[in-house]
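# Tertiary structure, described
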Amino acid sequence: MVTRLDRLTVVEAALKLLNETGLEGLSLRRIATELDVKAPALYWHFTSKQALLDEMATQILRGMMRAVELDDDSEDGPRPEADWREWVAQAMRALRSTLLGYRDGAKVFSGTTFTGTDYAAPLQSALETLVGQGFTLRSAARAWATAYSYTIGFVIEEQAVYPIPGERDPRYDLVERAARLGERYPAAAEMGEEVLADYEEGFEAGLSIVIAGIDAKLAAAPSPAEPA
C-alpha cells in the first residue's frame, strides 16, 4: 500500500529525520528516500528546503502551543487574571522544552517564517493580557519579544553543547577547558562551570533576570513615544 504524500507527511518525515541527521544533514533528497519516493515528488508540496523549514517550524510551534496550556478552558492564551510573570515564564519553559524535543530544534525555529495564522490567536491573547495588566501595546510587544529571543538564543547555545540530547560535545569538556585556561584566566575558567554545567538551572536563572528586567523597565511604564 502506497502512503498518500501530503505536506504533513513530508513534514513529519523531515522532523523524524532531523533527529537522526541534524540540520546540516537534512536534505530533500534524504527525506524523499525516507518516504520511498523520488525527490521531485516533494517539490509539489515544497519548492525549496527553506519552504520546508518554514513548515517544520510551524509544526514545532503547534507543539509548543499545545504544551503551554495556560488556560484550562481555552488553547488561545492565558487567563486574564493570571499574573503575567507566571505565564510568560511558563510559556518560555514550554517553548524551550518543545525545541529540545528536536535535534537542532532552535536553529530550525529561528529565522523562519510561520505558515498560516496558528500563532496569532494565542499571541493576541497574550498581548491583550499584558495590556490589561498595565503594559502599553508597544511595551507588551517588546516584553514578549525579549523573553522569546532569550529562550531561542539560550536553546541554540544549549544544543550546540548537547547536539544529541544527553551527549555533550567533547569540545565542551569542562575539565579540559579548566585545565586549558589554567591559572592565567581563572574567572573565565570558573564561568564554564556556571554557564555550561547545568542548563536547567542556567535557563531558570536567566529567565528570572529577563522577567525582572521586563518588570523594572516595561511593566506599567508607558513609552514616551506611545500615542495617547
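Our subject in this report is the structure included herewith. Counting of residues starts from 1 at the beginning of each chain's written sequence and follows it residue by residue. Totals for whole chains, interfaces and linings use all residues, but because this is a predicted model, local features are given only for residues with pLDDT of at least 70 and pairs of side-chain atoms are given and counted only at 80 or more. For the side-chain quantities, the full set of heavy atoms in the structure was used; hydrogens and water were omitted.

## Description of the overall build of the protein
The numbering of helices and of strands both runs from the N terminus, where a helix is a DSSP run of H or I of at least 4 residues and a strand a run of E of at least 2. Within the protein, the secondary structure is distributed over ten helices and zero strands. Listed by position from the N terminus, the elements making up the protein come as α-α-α-α-α-α-α-α-α-α. By residue count, 40% of the 228 residues in the protein fall in the buried class. Contacts are assigned to residue pairs that have any heavy atoms within 4.5 Å of one another. Taking the intrachain contacts of the protein between residues at least 6 apart in sequence as the baseline, contacts between residues at least 24 apart amount to 73%. On the protein, roughly 13,100 Å² of surface is accessible, and the fraction owed to carbon and sulfur atoms is 55%. Under the scheme applied here, a residue whose accessible area is under 20% of the maximum for its type counts as buried, over 50% as exposed, and between as partly exposed, the area being computed with a 1.4 Å probe on protein chains only. Only the protein chains shown count as covering a residue, and every accessible area follows the Shrake-Rupley method with a 1.4 Å probe.

## Regarding the environment of Asp 118
Structurally, the position occupied by Asp 118 is in the loop between helix 5 (105-109) and helix 6 (120-132). By relative accessible area, which is 30% here, Asp 118 ends up partly exposed. It is 9.7 Å that separates the C-alpha atoms of Asp 118 and Gln 59, two residues lying 59 residues apart in sequence. Any N or O atom pair separated by 3.5 Å or less is treated as a polar contact, with the protein-specific requirement of one donor-capable and one acceptor-capable atom, and with residues adjacent in sequence counted only for side-chain atom pairs. Side chain to side chain, Asp 118 and Arg 62 meet in a polar contact 2.8 Å long.

## Notes on the packing of aromatic side chains
For any pair of aromatic rings, geometry is given as the distance between the ring centres together with the angle between the planes. Between 30 and 60 degrees the pair is tilted, below 30 it is stacked and above 60 it is edge-to-face, where a pair is any two Phe, Tyr or Trp rings, Trp via its six-membered ring, whose centres lie within 6.5 Å. By the definition in use, this model includes nine aromatic pairs. When the ring of Trp 84 is compared with that of Phe 135, the centres are 5.2 Å apart and the planes differ by 85 degrees; the resulting orientation is edge-to-face. Of this pair, Trp 84 sits in helix 4 (residues 84-100) while Phe 135 sits in the loop between helix 6 and helix 7 (137-161), and the two are 51 residues apart along the sequence. A ring pair is formed by Phe 154 and Tyr 199, whose centres lie 5.7 Å apart and whose planes are at 75 degrees; its orientation type is edge-to-face. One end of the pair, Phe 154, is in helix 7; the other, Tyr 199, is in helix 10 (residues 199-217), with 45 residues separating them in the sequence. Per residue, the accessibility class of Phe 154 equals that of Tyr 199, and both read buried. Site record: aromatic cluster; members linked through ring pairs are Tyr 150, Phe 154, Tyr 162, Tyr 199 and Phe 203.

## Details of the packing of helix 6 against helix 7
Angular values range over 0 to 180 degrees, each being the angle between N-to-C directions of two axes fitted as lines to C-alpha atoms, with helices fitted over their stretch in contact. Running from amino to carboxyl end, helix 6 crosses helix 7 at an angle of 120 degrees, the nearest separation of the two axes being 9 Å. Judged by the inter-axis angle, helix 6 sits oblique to helix 7. Handedness of the crossing formed by helix 6 with helix 7: right-handed. Touching Leu 123, Ala 126, Leu 127, Leu 130 and Val 131 of helix 6 are Leu 137, Ala 140, Ala 141 and Trp 144, all from helix 7. When its residues are assigned to classes, the contact of helix 6 with helix 7 shows nine nonpolar, no polar and no charged. Under this scheme an angle from 65 to 115 degrees is roughly perpendicular, one under 35 degrees roughly parallel, and one over 145 degrees roughly antiparallel; angles in between are oblique. Crossings are sorted by hand: turned counterclockwise from the far helix by less than a right angle, the near helix makes the crossing left-handed, and turned clockwise it makes it right-handed. Note on residue classes: Ala, Val, Leu, Ile, Met, Phe, Trp, Tyr, Cys and Pro are nonpolar, Asp, Glu, Lys and Arg are charged, and everything else, Gly too, is polar.

## Some remarks on the pattern of salt bridges
Salt bridge, as applied in this entry: a Lys or Arg side-chain nitrogen positioned within 4 Å of an Asp or Glu carboxyl oxygen. Counted according to the given criterion, the structure contains twelve salt bridges. When the shortest N-O distance is used, the salt bridge between Arg 96 and Glu 200 registers 3.2 Å. Linking Arg 96 in helix 4 with Glu 200 in helix 10, this pair joins segments that are 104 residues apart in sequence. The exposure class of Arg 96 is buried, given its relative accessible area of 7%. A relative accessible area of 47% places Glu 200 in the partly exposed class. Through salt bridges that share partners, Arg 7, Glu 55, Arg 62 and Asp 118 make up one connected network.

By themselves, these are just geometric observations and shouldn't be taken as functional.
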